[in-house]
Amino acid sequence: QFYAGAMSSTAGDDRYLAGAQDNGTQYFTSAGMNNTNEVTGGDGAFIHIDQDNSNVQISSYVYNYYWITSNNWGTNTTKQIGSSQGRFINPTDYDSDANILYGCYAAGQYSYVSGVGSGNTTGARSVSAFAGAQVSCVGVSPNVANRVYFGLDNGDVVRVDNANTSSFSASVVRAGTG
């Protein structure tokens, strides 16, 4: 069973990633029904291919454990943010313009990996607008730079502007029912 899939944005490029339950991250390199390569093992989960540079790809395992490649899986770097922080299958989204991966961390916090493909700096930020709730869904805005929407386990949706900095602002854009 696949949790998530990602594909190259380059026309005619047949590179796809798929995070598979108990079967790692599968890498498709040709069109049609063909064999895949398992680029990372364990539970594959949310995965991403940079839309500006398809050689930069992200595979995730459980919680905040990631593999990042900048050379099409010739080599990769592992990054872990906290030991068991986040969710078992941790929701993430990737900002290809800013090269930042956002995800769930602890209650009231989101995680990030900035400089994906180069520096891979990790951290977490506390957000008072989360009101102690935990992230259950992440969506990077395709229209506004450095804006990220976080769905929370209390039903709220919080918009975080300048999410790429410690000077972010956050506001509830949809209040949940608890």
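Before reading on, note that the structure itself is shown above.
(A) Representation of the nonpolar core within the structure. Formed by 18 residues in total, the largest nonpolar core has its most connected members in Tyr 102, Tyr 110, Phe 130 and Phe 150. The set of elements that each furnish at least two residues to this core consists of strand S10 (100-104), strand S11 (109-114), strand S13 (135-140), strand S14 (148-152) and strand S15 (157-161). Not counting residues up to four positions away in its chain, the partners in contact with Tyr 110 are Tyr 102, Gly 103, Tyr 105, Gly 123, Ala 124, Arg 125, Val 127, Phe 130, Phe 150, Val 160, Ala 163 and Phe 168. Among the nonpolar cores identified, the runner-up in size contains 11 residues, and Val 56, Ile 58, Tyr 105 and Val 113 belong to it.

(B) Molecular detail of the side chain of Ser 59. In this structure, Ser 59 sits in strand S6 (residues 57-60). A polar contact is formed between the side chain of Ser 59 and the side chain of Thr 25, at a distance of 2.7 Å. A distance of 2.6 Å separates a polar atom in the side chain of Ser 59 from a polar atom in the side chain of Thr 40. Excluding residues that lie within four positions of it along the chain, Ser 59 makes contacts with Thr 25, Thr 40, Phe 46, Ile 47, Tyr 65, Tyr 66, Trp 67 and Trp 73.

(C) The layout of surface pockets, seen in detail. The volume enclosed by the largest pocket comes to roughly 200 Å³. In terms of lining residues, the largest pocket is bounded by Asp 93, Tyr 94, Asp 95, Ser 96, Asp 97, Ala 98, Val 140, Ser 141, Pro 142, Val 144, Ala 145 and Asn 146. Counting residues per element, the lining of the largest pocket draws most heavily on strand S9 (residues 92-95), which supplies three residues.

Each value, and the rule that gives it
Residues numbered from 1 in each chain as written. Predicted model: local features only at pLDDT ≥ 70, side-chain atom pairs only at ≥ 80, totals over all residues. Heavy atoms only, no water. Core = buried A, V, L, I, M, F, W, Y, C linked by side-chain atoms within 4.5 Å. Buried < 20%, exposed > 50% of the residue type's maximum accessible area, 1.4 Å probe, protein only. Helix = DSSP H or I, 4+ residues; strand = E, 2+ residues; numbered from the N terminus. Contact = heavy atoms within 4.5 Å. Polar contact = N/O pair within 3.5 Å; in protein donor to acceptor, adjacent residues only side chain to side chain. 1 Å grid on protein atoms, 1.4 Å probe; cavity = no way out; pocket = protein on both sides within 12 Å on 5 of 7 lines; lining within 4 Å. Points joined across faces, edges and corners; volume = space filled by probe spheres on them.

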